[in-house]
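Overview (structure and organization)
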2 protein chains.
Amino acid sequence: MADYQAPLADMRFLLHQVFDAPALWQRLPSLAERIDAETADAILEEAARLTAERIAPLNRNADEQGCQLQQGQVRTPDGFIAAWRAWAEGGWIGLGGEPEYGGMGMPKVLSAQVEEMLNSACLAFALYPMLTSGAALAIATHASDALKALYLPRLASGEWAGAMCLTEPHAGTDLGLLRTRAEPQDDGSFCITGTKIFITGGEHDLAENIVHLVLARLPDAPDGNRGISMFLVPKRLVTAAGELGERNALSCGSLEHKMGIKGSATCVMNFDGARGYLVGQANKGLAAMFTMMNYERLGVGIQGLAAGERSWQTARAYAAERLQGRAPQGAENPQRAADPIIVHPDVRRMLMTMKALTEGGRAFSTYVGLQLDLARFAEDAQERARAEALVALLTPVAKAFLTDLGLETTLHGQQVLGGHGYIREWGQEQLVRDCRITQIYEGTNGIQALDLLGRKVVGSEGRLYRVFADEVRDYLASGAPELQEFGTALGAVLDLLDELTDWLIAESGADPREIGAASVEYLHLMGYTAYAYLWARMAGAAQRSSAQGMHAGKLATARFFYARLLPRVWSLAAAVRAGCASLYALEAADFVDLAH
Amino acid sequence: MADYQAPLADMRFLLHQVFDAPALWQRLPSLAERIDAETADAILEEAARLTAERIAPLNRNADEQGCQLQQGQVRTPDGFIAAWRAWAEGGWIGLGGEPEYGGMGMPKVLSAQVEEMLNSACLAFALYPMLTSGAALAIATHASDALKALYLPRLASGEWAGAMCLTEPHAGTDLGLLRTRAEPQDDGSFCITGTKIFITGGEHDLAENIVHLVLARLPDAPDGNRGISMFLVPKRLVTAAGELGERNALSCGSLEHKMGIKGSATCVMNFDGARGYLVGQANKGLAAMFTMMNYERLGVGIQGLAAGERSWQTARAYAAERLQGRAPQGAENPQRAADPIIVHPDVRRMLMTMKALTEGGRAFSTYVGLQLDLARFAEDAQERARAEALVALLTPVAKAFLTDLGLETTLHGQQVLGGHGYIREWGQEQLVRDCRITQIYEGTNGIQALDLLGRKVVGSEGRLYRVFADEVRDYLASGAPELQEFGTALGAVLDLLDELTDWLIAESGADPREIGAASVEYLHLMGYTAYAYLWARMAGAAQRSSAQGMHAGKLATARFFYARLLPRVWSLAAAVRAGCASLYALEAADFVDLAH
């Protein structure tokens, strides 16, 4: 398997040339003291070294060995414990956490790039630190000071790990159906009883304690989403002095056998009267869980990007070396028996597609990371509000579009290798299997699309959408030199998106089914529009830059994206315009009955 | 896992209502005596029973247990030996084989439907009989009468199995590079030496002998494709009297670890001076291998269809039962805690897409099967020539398009189940993994696209294409009542394909790279055009039919296909028109260098 090397040059190009993140950090008081260009580069280089040397080599064995459950204990694959220690000791788990509780307080735009590296190196491993950071974020945002002081430093240091317990057998997308109960105790704690499934890192051997955030119902809580509360339920109880006490009444009942991410323990968790502590307000658990979701969902989007990046590294190296056939216009390598397959136009098409989608995806995730930073750190309320609007709008796009295109990318990367892509040896098939979950968990991509079109676009009557559209329109009016080449096409796509947005807001008033009938295609339309916007900006930044080599590549790839990939919007638009009628011509019962 | 039930009603609808195959059989003397409507229905019913009861239940264990290599012997998964016997004893391996050598001589249009059932039931198992039928076909077409008499009856009966040995480590798509040697012996046989990889069913425990068809080079053979000959190399030598003799000098060196089809033994085969017999003419081995490829390639296309069908059966049953959320327009199931997910428009979209692609694919594979029958059995030379032209043109489309859409279908089928689609339990993730190989083996789908556009369309200067286009245009001019609804859209797509075909023939004269730059999108364009043609015909047949239920479903699905899926052609056309320039803006070396 080709080794993984973090795409540092591209990451720096985005941070420095395209977005000038250091100037922004300088401007934001809470970041100015923590981070500058040199520190950022040093952080990225160290993360690149660690992921390449310590994490990436674990990836294949993680898949083959998987996790084992023995007498209630989960054993992670060989090397995970040492990798976890190395990652924790470097302070990487707390990279974005609050400095006041042991975190490093780094901006998301930077930690997102580190997350990409970690996920490229080993997606299954990356889930453990990601869940831990996510749990820490939820606790930092909602828990009492006492809980924060007791738990956050140990999560930031990696002494303890985190897990999220939402899904139940009958309650996945529809969490309102969940049944896990929380009974108040005299001492102010709660007694938690119920079964959770699909719990990532619910049990493992990486840390001495696991802090579960569990959604459950209080007695007499209202039905549905408004009756859900969040509880902190540690695997081992913690004394007031912060020492580990007895085992709590929770256990891992079994591990799921999955298509991929086999090094990640996906657990059935049984809570049998476990002691828990309320986090945030009673009956507001779902809202509390979702305030951290924007961070988590971007992280899952980045997983799709990361799998694509690793597949792209292997595919381009293979295509440059594998000798097979001759170039259409005549041998390019006449002294050898065949030419490298990169001479073939169809192989080029797959490689350029991988490059355009991966580098476009990295630009997009970096852009969304920047908005998350502005929403969190900007001093000016209006600037914060604008960034919050973009985050709300674009987070479901980032989660779903990055992972949908991540799967497309890994499938191309497998196809480039032919039969060698289907066997384990080169690792390409594992990336497809690992990437596939990213379209499903943390809210399926269909749910993300409903969130985008239903809650965000229609729900705000287009207000959130216009924040994004205005930014692109301002750019189109900016007179940037690259717009001479790309402006017309970008403007046409934006006009199309405007038109469909207005039409959907109007149509869905008459028939709410129009939202779900159009949502997935609409999300993709917005994704391609965002990539087109960012590819034009990247081409501009490349043209303005003094560095030749890589930047010629940016311009060529921008042209490829506009010529070959952006036209996908026209078919998507036709599907949107078709409306919901053809989806409901058959009765539900017909789907099964008519087949026999 | 939901049980598999063959889609008999849809198969009968195609054979009887859409294509009226029994009338054709009546007209063709060599078929009239062998098959009629009643016999065909009886054959399909028996195949449906056998695949549902005996083969489908093996599928999951086949994946989990896989094949094991121990001391040179391959052990297939539990139940495969008994299933092979049942399949062989029913005469199914020889279903399409020559009656003169133990086959049943059934038309391809029928055996293709049986193949679909077998592959839906267990794709990994299906490969063993498929390879055996394929080897028998190659021997029947090219071998001497002595070899035919010795080998064909035992292959038709399943006493012996077949395998194809083409690929070598450095020679996959480019078979001209292969190095396996064949030295003539005094007794007229040949001594075969070399290593073959990716050999499906190269070694197993299903039959007492395995008949390998091996591509190799004679001494002083010309370089490249023109120096390849085909040899019959049995695992155990066969005496002139037809009795099994000593073990031949060939062995399985190892098994590949693959993404899927784990019940199929993918072998490295070592030929260490094995005795072989020339099949067909010296140095004409590739041509001999390819005469049977049209049958095999349709078979692989059908595998993609078959995986999609099984995924579709599970997805629709799950969607009708899984309760989660509420219908957008209000609860449809107010007495329960939630509605079945089939009420959601996005779930509908996935289900309707699966239905439209699967039933459209079955119509297409049946149509191509019909052309294969006409090419083989028609008395009239002109009718045969016309069918041969359609077979030549559409076989690469069937292989690549059916498998590309098969993967899309299985991915939808996995997504409908959410997290339950990612774990093993429901079987949906296995179908994705099993289906994925069909896009790669038997010539990657990229190679199929080159064959279509380069050899077939441009190579015939459009002659083969016009046979297909004329048929669709005749239909458009037929005044069939369904064309009032579908004629305009079908005509527009055909005009588009005409225009792009002419443009590509012209452009590729100036730059041969234009073929490979457009080929995959062009193949998809032709596939969607063919599906549109057949969906209109199916809608018409349904409208003319007296049976209500199922046929209302056909009309609704045709409308869905035209509204939501056919518009994909517009984006494909834009990509074709973009030409090859953007693929070659970067130098080959830049792909690796610029990333660092």
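Treat the numbers as computed from the prediction; the structure is a model and nothing was measured.

**As for the nonpolar core**
Formed by 441 residues in total, the largest nonpolar core has its most connected members in Met526 of chain A together with Met526 of chain B. Excluding anything up to four places from it in sequence, Met526 of chain A contacts Leu393, Leu394, Val397, Leu452, Val457, Tyr465, Phe468 and Leu497 of chain A.

**Overview of unusual backbone geometry**
Residues and elements named next belong to chain B. Its identity as a non-glycine residue notwithstanding, Asp20 has a phi of 40°, on the positive side. Position of Asp20 relative to the elements: it lies in the loop between helix 1 (8-18) and helix 2 (21-27). Owing to a relative accessible area of 40%, Asp20 belongs among the partly exposed residues under this scheme. Positioned with a positive phi, Glu442 is a non-glycine residue whose angle comes to about 60°. Structurally, Glu442 is set in the loop between helix 15 (428-436) and helix 16 (445-458). According to the relative accessible area criterion, Glu442 is partly exposed, its value standing at 26%.

**Some words on the interface of chain B and chain A**
The partner chain A presents 94 residues to the 93 residues of chain B that form the contact. Carbon and sulfur atoms make up 63% of the area that chain B and chain A hide from each other, which totals about 7900 Å². When residues of chain B are sorted by the area they lose upon contact with chain A, Tyr422, Arg564 and Phe591 of chain B head the list and together hold 11% of the total. Our count for the chain B to chain A interface comes out at 2 salt bridges. Two residues, Glu521 of chain A and Arg564 of chain B, come together in a salt bridge whose shortest N-O distance is 3.2 Å. The leading source of residues in the side of chain B that touches chain A is helix 20 (residues 549-565) of chain B, at 8 residues. Grouping the amino acids of the side of chain B that touches chain A by side-chain chemistry returns 48 nonpolar, 26 polar and 19 charged.

**Things to note about the environment of Thr358 of chain B**
Residue and element names in this part refer to chain B. When you line up the elements, Thr358 lands in helix 12 (residues 345-377). It is 31 Å that separates the C-alpha atoms of Thr358 and Glu514, two residues lying 156 residues apart in sequence. If we skip the residues at most four places from it in the chain, Thr358 touches Leu305, Gly308, Glu309, Trp312 and Thr409.

**As for the pattern of salt bridges**
Side chains that differ in sign of charge can pair as their charged atoms come close. Residues and elements named next belong to chain A. Following the criterion strictly, the structure yields 73 salt bridges over all chains and no others. When the shortest N-O distance is used, the salt bridge between Glu46 and Arg49 registers 2.7 Å. In this pair, Glu46 and Arg49 are both assigned in helix 4 (residues 37-55), 3 residues apart and thus about one turn of the helix distant. The salt bridge partner of Glu499 is Arg577, with a shortest N-O separation of 3.1 Å. Here the residue Glu499 occupies a position in helix 18 (residues 483-510), and Arg577 occupies one in helix 21 (residues 568-577), the gap between them amounting to 78 residues. Classification of Glu499 as partly exposed rests on a relative accessible area of 41%. Bridged by salt links that share partners, the residues Asp10, Glu116, Glu309, Lys355, Glu359, Arg362 and Lys554 form one connected network.

**Observations concerning the packing of helix 18 of chain A against helix 19 (residues 513-544) of chain A**
Each pair of packed helices gets described by two things: the angle between the helix axes and the distance between those axes. All names here are of chain A. Between helix 18 and helix 19, the shortest axis-to-axis distance is 10 Å and the interhelical angle comes to 155°. The pairing of helix 18 with helix 19 is recorded here as roughly antiparallel in orientation. As for the relative orientation of helix 18 and helix 19, their crossing is left-handed in sense. Between helix 18, through Phe486, Leu490, Val493, Leu494, Leu496, Leu497, Leu500, Thr501, Leu504, Glu507 and Ser508, and helix 19, the contact on the second element is made entirely by Glu514, Ile515, Ala518, Tyr522, Leu525, Met526, Thr529, Ala532, Tyr533, Ala536 and Ala539.

**Remarks on the pairing of strand 3 (residues 160-165) of chain A**
All names here are of chain A. In terms of residue burial, strand 3 counts as a mostly covered element, since 6 of its 6 residues are buried. Burial along strand 3 is two-sided: the residues Trp160, Gly162 and Met164 and Ala161, Ala163 and Cys165 are all buried. By the bridge criterion, 6 bridges tie strand 3 to strand 6 (residues 209-216) in an arrangement that is parallel. Residue pairing across strands places Met164 opposite Leu213, the latter belonging to strand 6.

**So, the packing of aromatic side chains**
For the coordinates displayed, the defined rule picks out 32 aromatic pairs over all chains. A centroid spacing of 6.2 Å and a plane angle of 40° characterise the contact between Phe19 of chain A and Tyr367 of chain A, whose relative ring orientation is tilted. Here the residue Phe19 of chain A occupies a position in the loop between helix 1 (8-18) and helix 2 (21-27), and Tyr367 of chain A occupies one in helix 12 (residues 345-377), the gap between them amounting to 348 residues. For the residue pair Phe19 of chain A and Tyr367 of chain A, the accessibility class agrees, reading buried in each case. Relative to Phe561 of chain B, the ring of Tyr531 of chain B lies with its centre 6.4 Å away and its plane at 35°, an arrangement referred to as tilted. In this pair, Tyr531 of chain B sits in helix 19 (residues 513-544) while Phe561 of chain B sits in helix 20, placing the two residues 30 residues apart along the sequence.

**Digging into the relation of the copies chain B and chain A**
Here chain B sits on chain A after a turn of 180° about the axis and a move of 0.0 Å along it, with an RMSD of 0.0 Å. Seen this way, the second copy is the image of the first under a two-fold rotation axis. Residue Ser571 of chain B of chain B places its C-alpha closer to the rotation axis than any other residue of that unit, at 2.8 Å. Both copies present the same face, since 100% of the interface residues in chain B are matched by interface residues at the equivalent positions in chain A.

Parameters at a glance
- Residues numbered from 1 in each chain as written.
- Chains lettered and ligands numbered in written order.
- Predicted model: local features only at pLDDT ≥ 70, side-chain atom pairs only at ≥ 80, totals over all residues.
- Heavy atoms only, no water.
- Core = buried A, V, L, I, M, F, W, Y, C linked by side-chain atoms within 4.5 Å.
- Buried < 20%, exposed > 50% of the residue type's maximum accessible area, 1.4 Å probe, protein only.
- Contact = heavy atoms within 4.5 Å.
- Helix = DSSP H or I, 4+ residues; strand = E, 2+ residues; numbered from the N terminus.
- Buried area = accessible area lost by both parts, 1.4 Å probe.
- Salt bridge = Lys/Arg side-chain N within 4 Å of Asp/Glu carboxyl O.
- Nonpolar A, V, L, I, M, F, W, Y, C, P; charged D, E, K, R; others polar.
- Axes fitted to C-alpha atoms, helices over the stretch in contact; angles between N-to-C directions.
- Parallel < 35°, antiparallel > 145°, perpendicular 65-115°, else oblique.
- Left-handed = near helix turned anticlockwise from the far one by under 90°.
- Pairing = 2+ DSSP bridges.
- Phe/Tyr/Trp six-rings, centres within 6.5 Å; stacked < 30°, edge-to-face > 60°.
- Least-squares fit on C-alpha atoms with pLDDT ≥ 70 in both.

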